[in-house]
Amino acid sequence: MPVITLRYDDLEKLVGADKDPILKQIPMIGADIERIEDEYADVEFFPDRPDLFSVEGVARAMRGFLGIETGLCKYDVKKSNISITIEKSVKPIRPCLTCAVVRGLHLDPGSIESLMTLQEDLHWGLGRDRKKISIGVHDISKVEPPFVYKAVDASMEFVPLDFDKKMSMRAILEKHPKGVQFAHILEGAKRYPLIADAKNNVLSFPPIINGALTAVTEETTDVFVEVTGIDASVAMALNIVVTALAERGAKIESVEIASDGKSVVTPNLSPTSRKLSVSEVNSLLGIALNAGQIARELEKMRFGAVARGETIDVAIPAYRADILHNWDLIEDIAIGYGFDKFKPELPETPTIGKTHPIEDKLALLREIMVGLGFFEITTFTLTNERVHFDMMNRPRAKATKVRHPISEEHTMIRSILLPNLMSVLSQNKHVEMPQRIFEVGDVIIDSKDVQKLAGVSTHSAANFAEIKSIVDVVLRELGLEYEIIESDDTAFLEGRRASILIRRRNIGVFGEIHPDVILNFGLDHPVVAFEMEIR
Amino acid sequence: MASPNKPSALTANEKRVLLALSKIKSADLQKLAIASGLQVDAAMQVAFLLAKKGLANIVEEMLALYSLTPEGELHARQGLPEQRILAYTKDKPITLSELKKAFADKEISIALGWLRRKGLASIRKKDKKIIIEPFKTREKDLQEEILRYLLAHQPEDLASYSSATVQELLGRDLIRCTERTSRLIAITNEGRKLVRKGIEIEEDVGQLTPDLIRSGEWKKKCLRPYDIHAPSMRIFAAKKHPYQRLLDEMRQIFLEMGFEEIRGDIIQTSFWNFDALFQPQDHPAREMQDTFYLDSKGELPGEYVRNVKDVHEHGGDIGSTGWGGHWSKELAKANVLRTHTTTLTIRHLAENPNPPVKAFCIGRVYRREAIDATHLPEFEQLEGVVMDEGVSFRNLLGCLAEFYHRMGFADVRFRPGYFPYTEPSVEPEVHVPELGWIELGGAGIFRREVTAPLGIKHPVLAWGLGVSRLAMLRLGLRDLRDLYNPDIDWLRRYPISQLSDGKNE
């Protein structure tokens, strides 16, 4: 999740309050303070609030939350007379584009840094790592409108950011760090997207890299912002960037985007609207606010809100990406009201608690095994075929493998418990004998959970007779009639192994573990073991 | 203190040991055992009892014990080189070159020095020949005597031998010395007085037997008292895993609060794990680097697919915008190892859409995380839901506060949170004196985009709590891996009571 660095001097200026009340209240709007330093604080914001991914956006929210300035933030948008054309050629590759011009910036290293991290965080969150959107901010004084967004041949050359000589777009994808990182997004494309000016100077190669020509510096006062992508979320990203810049006093101007003989003007910063009823708010939150109070809480959260009888008309700022449904507004009302003001109350309807029959069975098995002097252990269900089959002297059988294991140790989900018990013994070689342990729990067979019980006993005199008694008493305690037949399980010693049958179904095995298996696990004392399925 | 000792107050074994001591005055345990006819550990027990009664003294002293080195053992069997050479001379002068025919150079060079030092032979030069001539009268070889003694008795102390000779043998690397604490038991004056009064040994009884009880014989016998302070053998009580005990404690709390326990499969379709919970199909949490995918695909529940697709693509008919874009049935079929137990509660609600529903479960969940002290690829999650007409956000806080209070956390607070499938969302925190406020899970009210497509009409309060953090706090663990890599010794030593005492510490 994005961590935003809030420099105190900047934050205090933008909010118009001292840093201490701001830092105290920030967690209550939905954030985690990661670190507080002398000059700045690092704060983590939730991924559904990209409008808070900049100090400017945080300041806007905190002014409302602290009551310094509430209600909808209004941003004037003047026409810029700058236009850009989307050529048909780029539509199959990356069809969506929104643009704006922002003038009158006073940038310093800190605010440039903030702008860069805002872009990166938007690329990550809204942009799904640039797949859905990518943003370019350009020094407009270096280029000449009108602009064009088109697809060009991979041999097209320009000087990319961070380099000082021309490279072809193909070379950028192969050699430029950003090219290497994001080339996969353009995989399969025969031509690549490009934004250029009237003289074919390159502004950017979306979603990979900007041109060096239009790089933003401290001298930059006027910028051209473009957001390309594959769906309508490009508009949201543009709104978040330009309103953040406007928070520093810059002026937003619109750009005309021509495509297929039609044209639209962006950005569109007009709020969307929703109607809330007093009753839906109060019933969801369990409190009793009137329409006026609800409107005030919404204004605190920087919505426009007008109470009309039992409903509230809400105007949602164009930078809020998280309002999909009325309940999203109700959460903001709760935040505005203050989570600490809610009085917890248990639900009224009486109900009766009930355990799950499988858990009851497992508890029973634990009781039996503990009564027999076995210690319970818990282990991972993820394992690997080497331990699960090879070390047990058993042929590799069908296993539930995971597709991208994190290590060689965890490539599949267990279908039996015994190898885990053997591993535990091998980790406890130094511990006093006799050792008797068991595990009861889930394994996976044919994609379904199955419960099994397994136990092992190791000491110098462990033998078949001991484990047979154990198996017998477990089954007797469970009230199960069983028979045993000779087993051919190679994990056990021939002549000292048996299968457990219940109504002719094989449910498990017990006996003396084969010396080869004992040695495989680095042990030397005799080990007797059993494992059975629980139904 | 007046002496309470009377011969009749002594057990038979005590009498035996006291009598033995009165004869041998003082002895170490081995000797005492032999003299009294008892086993060594029994003799020790009795010696301590006698000491407590003031009849014997136990003095601990460091004892130097000697044993043979491999070379020493060889010489103890064959004789020292100098003695073997003497024997070879048959008391007649012999030249070195003759000697060299029968002995190795090394042995000869050792032997010559000692022949001279021990005054066993003269060594002189004559006509460029070295002649060895044994003296007629020779002292007995003390070194060899010690070697032979050790061969029969080692390890043994050599207090009765000349310390100079012992030092010589140590210097020759034929014996070595180890130190051991030895207990020397001696009779006291009081003990002697008692013995003088006359001690008669009659059989006393260690173990009460059915025969003794039935026959009434036990009344006549002397039942040997135990030294109640003598150390007993350490044994261990088998138990269920402390972690399981903690999980059961949590289960108990929810059962008492009227919740029904549910269970479900580890392998789930992406549909139930993600889509039914309104997680967009391009959500980062669904990617390969966070979720364990399997090669298999599962069946989709036909009755819900249409609704879920609608709500993802355009919000359905509940006044939501949805996520936009295209919702793929194929992606929803991909099987995963469940990443949260919410997949079980949502299925349970879909199958039981009529209020009230109060359900919980504790189950293993899987995340594609590299293993370290605080991250594991699998761990337990505790999940709970309440679905009922008119339940509210305050009821959600009520359930959470009640649970944490019952777990022993007095201070609970709530902060805004974010989870893709709840709105409002909340992060409960509890106060732990030495750690401050710690986050113990996430909660919220299921979004309408989650409940409506499944036919659930009333609000659903939901929470998922990471149990492992709680387990580390309560079990005093620093490394999560310890929960799943059992140290048998730790399990044996971990007292059952510690868990209940460990509350909120």
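Each remark here, short or long, concerns the structure printed above.
Residues numbered from 1 in each chain as written. Chains lettered and ligands numbered in written order. Predicted model: local features only at pLDDT ≥ 70, side-chain atom pairs only at ≥ 80, totals over all residues. Heavy atoms only, no water.

> What is the right way to look at the overall build of chain A in this model?
From N to C terminus, chain A includes 16 helices and 28 strands. In terms of overall size, chain A is more extended than a compact globule, its C-alpha atoms giving a radius of gyration of 33 Å where 535 residues would be expected to give roughly 24 Å. C-alpha atoms of chain A, sized along the principal axes, occupy 95 × 65 × 50 Å. Within chain A, the proportion of its 535 residues that are buried is 57%. The long-range share in chain A, meaning contacts at least 24 apart out of those at least 6 apart in sequence, stands at 68%. Surface accessibility of chain A: about 23100 Å² in total, with carbon and sulfur atoms responsible for 50%. Side chains of chain A carry 63 positive and 80 negative charges; the gap between the two charge centres is 5 Å. (Helix = DSSP H or I, 4+ residues; strand = E, 2+ residues; numbered from the N terminus. Rg over C-alpha atoms; globule rule 2.2 N^0.38 Å. Buried < 20%, exposed > 50% of the residue type's maximum accessible area, 1.4 Å probe, protein only. Contact = heavy atoms within 4.5 Å. Areas by Shrake-Rupley, 256 points an atom, 1.4 Å probe, with all protein chains shown as cover. Lys, Arg positive; Asp, Glu negative; His and termini not counted. Charge placed at Lys NZ, Arg CZ, Asp CG, Glu CD.)

> Just checking my understanding: could you explain the overall build of chain B for this structure?
Summing up its helical and strand segments, chain B has 21 helices and 19 strands in all. Over its C-alpha trace chain B gives a radius of gyration of 43 Å, far above what one expects of a compact globule, namely 23 Å for 505 residues. C-alpha extents for chain B along the principal axes are approximately 125 × 80 × 45 Å. Of all 505 residues assigned to chain B, the portion counted as buried reaches 52%.

> Looking at this structure, I do not really get the sheet that holds strand E17 (residues 304-308) of chain A. What am I missing?
In a beta sheet, neighbouring strands pair by backbone hydrogen bonds and run either parallel or antiparallel. Residue and element names in this part refer to chain A. Strand order across the open sheet formed by 3 strands is E16-E18-E17, with antiparallel pairing between neighbours. Looking along the sheet, the strands with just one partner apiece sit at the ends: strand E16 (272-277) and E17. Across this sheet, the average inter-strand angle for adjacent strands is 20 degrees, counted without regard to direction. As judged from the 5 bridges shared by E17 and strand E18 (residues 311-316), these two strands associate in the antiparallel manner. (Pairing = 2+ DSSP bridges. Axes fitted to C-alpha atoms, helices over the stretch in contact; angles between N-to-C directions.)

> So what exactly am I meant to see when it comes to the interface of chain A and chain B here?
Chain A puts 77 residues into the contact, and the matching count from chain B is 88 residues. Here chain A packs against chain B, burying approximately 7500 Å² in sum over the two surfaces, 59% of which is carbon and sulfur. Taken together, the connections running from chain A to chain B amount to 10 salt bridges. In this structure, aspartate 282 of chain B and arginine 128 of chain A form a salt bridge, with 3.1 Å as the shortest nitrogen-oxygen distance. At the junction of chain A with chain B, the criterion picks out 41 residue pairs in polar contact (both at pLDDT 80 or more). (Buried area = accessible area lost by both parts, 1.4 Å probe. Salt bridge = Lys/Arg side-chain N within 4 Å of Asp/Glu carboxyl O. Polar contact = N/O pair within 3.5 Å; in protein donor to acceptor, adjacent residues only side chain to side chain.)

> Mind showing me how you'd approach helix H9 (residues 163-171) of chain B here?
Because an α-helix packs 3.6 residues into every turn, residues spaced three or four apart end up facing the same way. Residues and elements named next belong to chain B. Along H9, the residues that are buried comprise Thr165, Val166 and Leu169. Take H9 and look down its axis: the buried residues cluster within an arc of 100 degrees, on one side only. Projecting away from the buried face of H9 at angles above 90 degrees are the exposed residues Ser163, Gln167 and Gly171. In this structure, the buried residues of H9 make contact with strand E2 (56-68), helix H8 (142-153) and strand E6 (175-187). Where H9 begins, the side chain of serine 162 points an oxygen toward the backbone nitrogen of alanine 164, at a separation of 3.2 Å. Where H9 ends, the next residue or the one after it, aspartate 173, has phi of about 65 degrees, a positive value. (Arc of directions from axis to C-beta.)

> I tried to follow the sheet that holds strand E4 (residues 121-126) of chain B on my own but got confused; where do I start?
Residue and element names in this part refer to chain B. Ordered in space as E3-E5-E4, the 3 strands form an open sheet in which the pairing is antiparallel. Strand pairing shows two members of the sheet lacking a second neighbour, strand E3 (94-95) and E4, which therefore form its edges. Note that E4 and strand E5 (residues 129-134) share 6 bridges and pair antiparallel. Residue pairing across strands places alanine 121 opposite proline 134, the latter belonging to E5.

> Honestly, the packing of helix H1 (residues 12-24) of chain B against helix H2 (residues 29-36) of chain B in this entry has me stumped. Any pointers?
What describes two packed helices is the angle between their axes and the distance between those same axes. Residue and element names in this part refer to chain B. Relative to each other, H1 and H2 sit at 110 degrees, their axes nearing to 9 Å. Judged by the angle between their axes, H1 and H2 are roughly perpendicular. Considering only the axes of H1 and H2, their crossing is right-handed. Here H1 contributes Arg16, Val17, Ala20, Leu21 and Ile24 to the contact with H2, which in turn contributes Leu32, Ala35 and Ser36. Grouping the amino acids of the contact of H1 with H2 by side-chain chemistry returns 6 nonpolar, 1 polar and 1 charged. (Parallel < 35°, antiparallel > 145°, perpendicular 65-115°, else oblique. Left-handed = near helix turned anticlockwise from the far one by under 90°. Nonpolar A, V, L, I, M, F, W, Y, C, P; charged D, E, K, R; others polar.)

> Help me out: how do you make sense of the environment of alanine 454 of chain A in this one?
All names here are of chain A. Residue placement: alanine 454 occurs in strand E24 (residues 448-458). We classify alanine 454 as buried; its relative accessible area is 0%. Between the C-alpha atom of alanine 454 and that of phenylalanine 510, which follows or precedes it by 56 residues, the distance is 9.3 Å. When sequence neighbours within four positions are dropped, the list of residues in contact with alanine 454 reads Leu417, Leu418, Leu421, Ile437, Phe438, Glu439, Phe530 and Glu531.

> For this particular structure, what's the right way to read the pairing of strand E5 (residues 96-103) of chain A?
Within a regular strand, side chains alternate between the sheet's two faces. Residue and element names in this part refer to chain A. Taken across its 8 residues, E5 has 6 buried, putting it largely inside the fold. Note: E5 against strand E13 (residues 223-229), 7 bridges, orientation antiparallel. Each residue of the ladder has a partner; that of valine 102, found in E13, is valine 223. In terms of strand pairing, E5 meets strand E14 (residues 251-259) through 4 bridges, oriented antiparallel. When the sheet's bridge partners are listed, valine 101 is paired in E14 with glutamate 253.

> Help me understand the nonpolar core in this model?
The nonpolar side chains of a soluble globular protein tend to be buried with one another. Counting 164 residues, the largest nonpolar core has Leu298 and Ile312 of chain A together with Trp463 of chain B as its most contacted members. In terms of residue count, the dominant contributor to this core is helix H8 (residues 233-246) of chain A (10 residues). Those residues in contact with tryptophan 463 of chain B that lie beyond four places of it in its chain are Phe254, Phe259, Leu382, Glu383, Gly384, Val385, Val386, Leu396, Cys399, Leu400, Gly442 and Ala443 of chain B. Among the nonpolar cores identified, the runner-up in size contains 31 residues, and Phe271, Tyr304, Met387 and Val460 of chain B belong to it. (Core = buried A, V, L, I, M, F, W, Y, C linked by side-chain atoms within 4.5 Å.)

> Looking at this model, I keep getting lost on the environment of alanine 47 of chain B. Mind explaining?
If you trace the backbone, alanine 47 of chain B turns up in helix H3 (residues 40-52). In this structure alanine 47 of chain B touches Leu32, Ile58 and Ile185 of chain B, once residues within four positions along its chain are discounted.

> Looking at this model, I keep getting lost on the pairing of E24 of chain A. Mind explaining?
Residue and element names in this part refer to chain A. The element E24 is largely enclosed, with a buried count of 10 among its 11 residues. Relative to E24, strand E23 (residues 435-445) is paired through 11 bridges, and the arrangement is antiparallel. Paired with valine 443 across the two strands is valine 450, which belongs to E24. Hairpin connection from E23 to E24: 2 residues lie between these consecutive antiparallel strands, with aspartate 446 at a positive phi of about 50 degrees. One ladder, built from 8 bridges, connects E24 with strand E28 (residues 527-534); its direction is antiparallel. The partner of threonine 458 across the bridge, within E28, is valine 527.

> Looking at this structure, how should I read a nonpolar patch on the surface?
All names here are of chain B. Together, Leu208, Ile213, Trp218 and Leu223 make up an exposed nonpolar region whose accessible area comes to about 360 Å². Within the secondary structure, leucine 208 sits in the loop between strand E7 (204-205) and helix H11 (210-215). Using a relative accessible area of 40% as the deciding quantity, one classes leucine 208 as partly exposed. (Patch = residues over 30% accessible without salt bridge, like charges linked within 9 Å, V, L, I, M, F, W, Y side chains within 5 Å.)

> Even after reading the chapter, I still don't get the packing of aromatic side chains, so can you show me in this structure?
Each aromatic ring pair is summarised here by two numbers: the centre-to-centre distance and the angle between the ring planes. Using the criterion set out here, one finds 25 aromatic pairs over all chains in the structure. Centroid distance tyrosine 337 of chain A to phenylalanine 342 of chain A: 5.1 Å. Interplanar angle 70 degrees. Geometry classified as edge-to-face. Of the two residues, tyrosine 337 of chain A and phenylalanine 342 of chain A, both sit in the buried class. When the centroid spacing of 5.9 Å and the interplanar angle of 80 degrees are considered together, the rings of tryptophan 272 of chain B and tyrosine 304 of chain B count as edge-to-face. Here tryptophan 272 of chain B, found in helix H13 (residues 270-273), pairs with tyrosine 304 of chain B, found in helix H14 (residues 302-314); they are 32 residues apart in sequence, far enough to count as distant. Comparing tryptophan 272 of chain B with tyrosine 304 of chain B, the two get one shared label, buried. Of the aromatic side chains, those joined through ring pairs into one cluster are Phe254, Phe259, Phe360, Phe403, Tyr404, Phe409 and Trp463 of chain B. (Phe/Tyr/Trp six-rings, centres within 6.5 Å; stacked < 30°, edge-to-face > 60°.)

> Any chance you could explain helix H12 (residues 357-371) of chain A here in plain terms?
Residues and elements named next belong to chain A. Its 15 residues give H12 an end-to-end C-alpha distance of 21 Å, which sits within 8% of 21 Å, the value for a rise of 1.5 Å per residue. Residues of H12 that are buried include every one of Glu359, Leu362, Leu365, Arg366, Ile368 and Met369, and no others. Two residues or fewer after H12 comes glycine 373, characterised by a positive phi angle close to 85 degrees. (Expected span 1.5 Å × (residues − 1).)

> Quick question: what am I supposed to make of the pattern of salt bridges here?
Taken as a whole and assessed by the stated rule, the structure comprises 77 salt bridges over all chains. For the salt bridge of aspartate 328 of chain A with arginine 447 of chain B, the shortest nitrogen-to-oxygen distance reads 2.7 Å. Of this pair, aspartate 328 of chain A sits in helix H11 (residues 326-337) while arginine 447 of chain B sits in the loop between strand E18 (442-446) and helix H18 (448-451), on two different chains. A relative accessible area of 5% places arginine 447 of chain B in the buried class. The shortest N-O distance in the salt bridge between glutamate 217 of chain B and lysine 220 of chain B comes to 3.1 Å. Here the salt bridges share partners, and the residues they tie into one network are Arg7, Asp9, Asp10, Glu56 and Arg248 of chain A.

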